[in-house]
Amino acid sequence: MSDEEQRKIIISRISSSRHEHIPSSPVNRWVIIALLIPVVALMAVLGVVFFAAFLALFAIAAVGFSIRLWWLRRKLQGSEQQLNQQTDQQTNEDRTVIIEDAEIIEETEANRNNKK
């Protein structure tokens, strides 16, 4: 046998084995289609259910994450306001200086020239 004849035999066996699974009568085809319709419908419903469950979990996680970010942001703004108030109080305290005893020193032109 030549290589070409062996290839023809293998190809013919493959093609004949594929045709064995296809029903020969139209009644068998309609029975298979009638059985596949509920299976496909069930698969579609399960797909929608799993997608809805995934979407719900994702929405819950997104809401939880958003609430956490909001809470941290609020907390940060509160601490920032407290810090601003403290620095404002400190700067106001630094600005006000109470002088109890003060001497007025008069400077003359002669004293100015001597210092230079």
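The rules behind each value
Residues numbered from 1 in each chain as written. Predicted model: local features only at pLDDT ≥ 70, side-chain atom pairs only at ≥ 80, totals over all residues. Heavy atoms only, no water. Helix = DSSP H or I, 4+ residues; strand = E, 2+ residues; numbered from the N terminus. Buried < 20%, exposed > 50% of the residue type's maximum accessible area, 1.4 Å probe, protein only. Areas by Shrake-Rupley, 256 points an atom, 1.4 Å probe, with all protein chains shown as cover. Patch = residues over 30% accessible without salt bridge, like charges linked within 9 Å, V, L, I, M, F, W, Y side chains within 5 Å. Salt bridge = Lys/Arg side-chain N within 4 Å of Asp/Glu carboxyl O. pLDDT = per-residue confidence, 0-100.

(A) View of the overall build of the chain. What the chain contains, in helices and strands, is three helices and zero strands. Ordering the α and β elements of the chain from the N terminus gives α-α-α. Burial analysis of the chain (116 residues in total) assigns 1% to the buried set. Total accessible area on the chain stands at roughly 11,700 Å², and carbon and sulfur atoms take up 62% of it.

(B) Seen up close, a nonpolar patch on the surface. Among the surface-exposed residues, Ile32, Leu36, Val39, Val40, Leu42, Met43, Leu46 and Phe50 lie close enough to one another that they form a single nonpolar patch of about 790 Å² accessible area. Residue classification places Ile32 among the partly exposed positions, given a relative accessible area of 39%.

(C) Seen up close, the confidence of the model for the chain. Per-residue pLDDT for the chain averages 80, and the proportion of residues at 70 or more is 70%. Mean pLDDT across the elements of the chain bottoms out in helix 1 (residues 3–20) (64) and peaks in helix 2 (residues 26–95) (89).

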